[in-house]
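Report on the structure
The chain contents come next:
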Amino acid sequence: QDKRIKPHSTSNETFHVAIAVGILQLLEVDKKNQIFDAYYSCYQMWMDTELAWNSTAYNGIKALSLPEETIWTPSIGLDNDVDLVRSKNSLSTTIMMVNSFGQVARTLLVNYRSSCDMSLRNFPFDKQNCTLTFSSWKYIGTELNLTIAYEMTRQNFQESSEFRLISMKMSRTGDKECCIMPIIKVHLNIVFERRPQFYLLNMILPCTLITMIAMFAFCIPPESGEKIGLGVTVLLSLAVFLLIVSEQMPPTTDFPLIGIYYFGVILIVTFSTGVSVMTLSLNHNASFQTKEVPQALQSLLCDKLAWWLCMAPLCKSKENKSDKVGPSDDDNRSDTPDKRAHDTEVVALNPIDGVQSDGGLGSDPMSEILQFIRRIEDKKQEEQKQEDITEQWKYLGRLIDRILLVLFLFLNVVFTLWILLAAAYG
């Protein structure tokens, strides 16, 4: 028999070849280049009547093992193979079994690198479905018909540390009566999912912890000068993690949820760092401290929100303190002639340095002394009022920091839970 010539079938029509393919070991899933690399077990069976013999005439021999290169074999290959040289070199040399009825059974062990359209939207909670398509490279459907022999089980599959095999199922497409040159194809659908523990521990958890560190920027006193530095450091750390994720992902518009998570966290930290500049301005910018905090702002923030945020309403207490410490309305009046005359009479009746004043000799020096004392008191009152105004603006800055702390914590928790649930449950 010439192994280059296809043997005839018993019905002198289409030659039938039954195949079965199963995965043995998953080697690599190249998500950036969309390549699925694994070892497979391929089984092929066909009838070659020219190899049949009478077992009784040959001492009851019912089966033989023949070298592969001695008989005809169907040329069946993987259509979506991306490395033909590698798959050809990895093809194991098999011994084919032939029985006395002419039935040939061939088993191959081969390493296929196939293309696979992967969706990484839910990475690292993604589930992939890769399909391997087998067909004859020499014969059309009217000459060689491919059928499914049986479904291979997962008994010989070696578990992977990164992926978990869910199912593998074979299907057939094509009809030899559909067109002039029909093509029969057999598909192996492999469904597997990623084990997310590694990525949760090395990518998501560090990002969450770094974001929590950014939250403490609202607790740093403005006088320390470290609020902006901490925010910028956190931004740089998150940018490094985002760069790592981008290097592993293919350049596609379907960006994974973990990348969206990093980008969203960067936006939140950027917003918090920008708002920290505003709170620092409330504490150190003199243009804000020329007049008191507006009454509407005091009523909304200092009186209402302060209690909910577990902060004492210092704005009102400072205002009350200023009212008690400051001079009364009578003291703040400008000096009238009657008041000056009364002060002059009082001073004239009191002895100074042992000399009895007659009302005319010490009136001018004493008036100057009293005016000097009043100027000192007025200056102290102005300084006290300015301190109260400054303290009000500083308290407002601390209150805004507390509000942003609660808002930042809420947004971070909600955004993290939303990303994890959306990735885990689609």
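What follows concerns the overall build of the protein chain. What the protein chain contains, in helices and strands, is nine helices and 10 strands. Counting across all 426 residues of the protein chain, residues that qualify as buried make up 39%. For the protein chain, restricting intrachain contacts to residue pairs at least 6 apart in sequence, the fraction spanning at least 24 positions comes to 76%. For the protein chain, the accessible area works out to roughly 24600 Å², and carbon and sulfur atoms hold 59% of it.

What follows deals with helix 2 (residues 197-215). With 19 residues, helix 2 extends 26 Å between its outermost C-alpha atoms, agreeing within 8% with the 27 Å of an ideal straight helix rising 1.5 Å per residue. For helix 2, the set of buried residues is Tyr-199, Met-203, Ile-204, Cys-207, Thr-208, Ile-210, Thr-211, Ala-214 and Met-215.

Structurally, Arg-172 is set in strand 9 (residues 163-173). Residue classification places Arg-172 among the partly exposed residues on the basis of a relative accessible area of 36%. In sequence terms Arg-172 and Phe-134 are 38 residues apart; their C-alpha atoms lie 9.5 Å from each other. One polar contact links Arg-172 to Asn-145, side chain to side chain, over a distance of 2.7 Å. A distance of 2.6 Å separates a polar side-chain atom of Arg-172 from the backbone oxygen of Leu-146.

Once that is clear, we can look at the side chain of Asp-126. Its place among the elements puts Asp-126 in the loop between strand 6 (103-115) and strand 7 (127-136). The exposure class of Asp-126 is buried, given its relative accessible area of 2%. Of the polar contacts made by the side chain of Asp-126, one reaches the side chain of Arg-194; its length is 2.8 Å. Leave out the neighbours within four places in its chain, and Asp-126 touches Ser-119, Leu-120, Glu-193 and Arg-194.

The next subject is the packing of aromatic side chains. Under the definition given, this model contains 13 aromatic pairs. Relative to Phe-134, the ring of Tyr-112 lies with its centre 5.9 Å away and its plane at 65 degrees, an arrangement referred to as edge-to-face. Remark: Phe-134 occurs in strand 7 and Tyr-112 occurs in strand 6; sequence separation between them is 22 residues. Relative accessible area serves as the criterion here: at 10%, Tyr-112 is assigned to the buried category. A ring pair is formed by Phe-123 and Tyr-199, whose centres lie 4.9 Å apart and whose planes are at 70 degrees; its orientation type is edge-to-face. With Phe-123 in the loop between strand 6 and strand 7 and Tyr-199 in helix 2, this pair connects stretches of sequence that are 76 residues apart. According to the relative accessible area criterion, Phe-123 is buried, its value standing at 1%.

Once that is clear, we can look at the confidence of the model for the protein chain. On average, residues of the protein chain carry a pLDDT of 76, and 73% of them reach 70 or more. At the low end of the mean pLDDT range in the protein chain sits helix 7 (residues 329-332), at 44; at the high end sits strand 10 (residues 185-194), at 92. Scored below 50 in pLDDT, residues 339-362 makes 15 contacts in the model with residues more than four places away or belonging to other chains.

So, about the packing of helix 2 against helix 3 (residues 227-248). At a closest axis distance of 9 Å, the pairing of helix 2 and helix 3 adopts a crossing angle of 160 degrees. On the basis of the axis angle, helix 2 is roughly antiparallel to helix 3. The handedness of the crossing between helix 2 and helix 3 is left-handed. Contact residues: Tyr-199, Asn-202, Met-203, Pro-206, Cys-207, Ile-210, Thr-211, Ile-213 and Ala-214 in helix 2; Leu-230, Val-234, Ser-237, Leu-238, Phe-241, Val-245 and Gln-248 in helix 3. Residue composition of the contact of helix 2 with helix 3, by class: 12 nonpolar, four polar and no charged.

Inspection of the secondary structure puts Ser-114 in strand 6. For Ser-114, a relative accessible area of 1% translates into the label buried. Other than its neighbours up to four places away in sequence, Ser-114 contacts Gln-34, Ile-35, Phe-36, Leu-78, Asn-80, Val-82 and Leu-132.

Now for the sheet that holds strand 8 (residues 144-148). Taken together, the six strands give an open sheet; going across it, the order is 3-5-6-2-1-8, and neighbouring strands pair in mixed fashion. At either margin of the open sheet sits one strand with a lone partner, and together these are strand 3 (63-67) and strand 8. Averaged over neighbouring strand pairs, the angle between their axes works out to 30 degrees when direction is ignored. For strand 2 (residues 35-47) and strand 6, the ladder comprises 13 bridges, and the chain directions are antiparallel. Bridge pairing in strand 6 places Ile-35 opposite Ser-115.

As a rule of thumb, nonpolar side chains are buried together in soluble globular proteins. Within the largest apolar cluster, 45 residues are counted, with the highest numbers of intra-cluster contacts made by Ile-23, Phe-36, Tyr-40 and Ile-190. Examining the composition of this core, we find that eight residues originate from one element, strand 1 (residues 15-30), more than from any other. With residues near it in sequence (within four places) discarded, Phe-36 still touches Ile-23, Leu-26, Glu-28, Val-29, Tyr-112, Arg-113, Ser-114, Cys-116, Met-118, Cys-130, Ile-190 and Phe-192. The next biggest cluster of nonpolar side chains, apart from the first, holds 34 residues, and it includes Phe-123, Val-234, Val-269 and Leu-404.

What follows covers the sheet that holds strand 7. The strand order across the open sheet formed by four strands is 4-7-10-9, and the pairing between neighbours is antiparallel. Of all the strands in the sheet, the pair left with one neighbour each is strand 4 (76-78) and strand 9. On average, each strand axis in the sheet is inclined to that of its neighbour by 20 degrees, with strand direction left out of account. Bridging between strand 9 and strand 10 involves 10 bridges; their strand directions are antiparallel. Following the sheet pairing, Met-168 is matched in strand 10 by Ile-190.

What counts as what
Residues numbered from 1 in each chain as written. Predicted model: local features only at pLDDT ≥ 70, side-chain atom pairs only at ≥ 80, totals over all residues. Heavy atoms only, no water. Helix = DSSP H or I, 4+ residues; strand = E, 2+ residues; numbered from the N terminus. Buried < 20%, exposed > 50% of the residue type's maximum accessible area, 1.4 Å probe, protein only. Contact = heavy atoms within 4.5 Å. Areas by Shrake-Rupley, 256 points an atom, 1.4 Å probe, with all protein chains shown as cover. Expected span 1.5 Å × (residues − 1). Polar contact = N/O pair within 3.5 Å; in protein donor to acceptor, adjacent residues only side chain to side chain. Phe/Tyr/Trp six-rings, centres within 6.5 Å; stacked < 30°, edge-to-face > 60°. pLDDT = per-residue confidence, 0-100. Axes fitted to C-alpha atoms, helices over the stretch in contact; angles between N-to-C directions. Parallel < 35°, antiparallel > 145°, perpendicular 65-115°, else oblique. Left-handed = near helix turned anticlockwise from the far one by under 90°. Nonpolar A, V, L, I, M, F, W, Y, C, P; charged D, E, K, R; others polar. Pairing = 2+ DSSP bridges. Core = buried A, V, L, I, M, F, W, Y, C linked by side-chain atoms within 4.5 Å.

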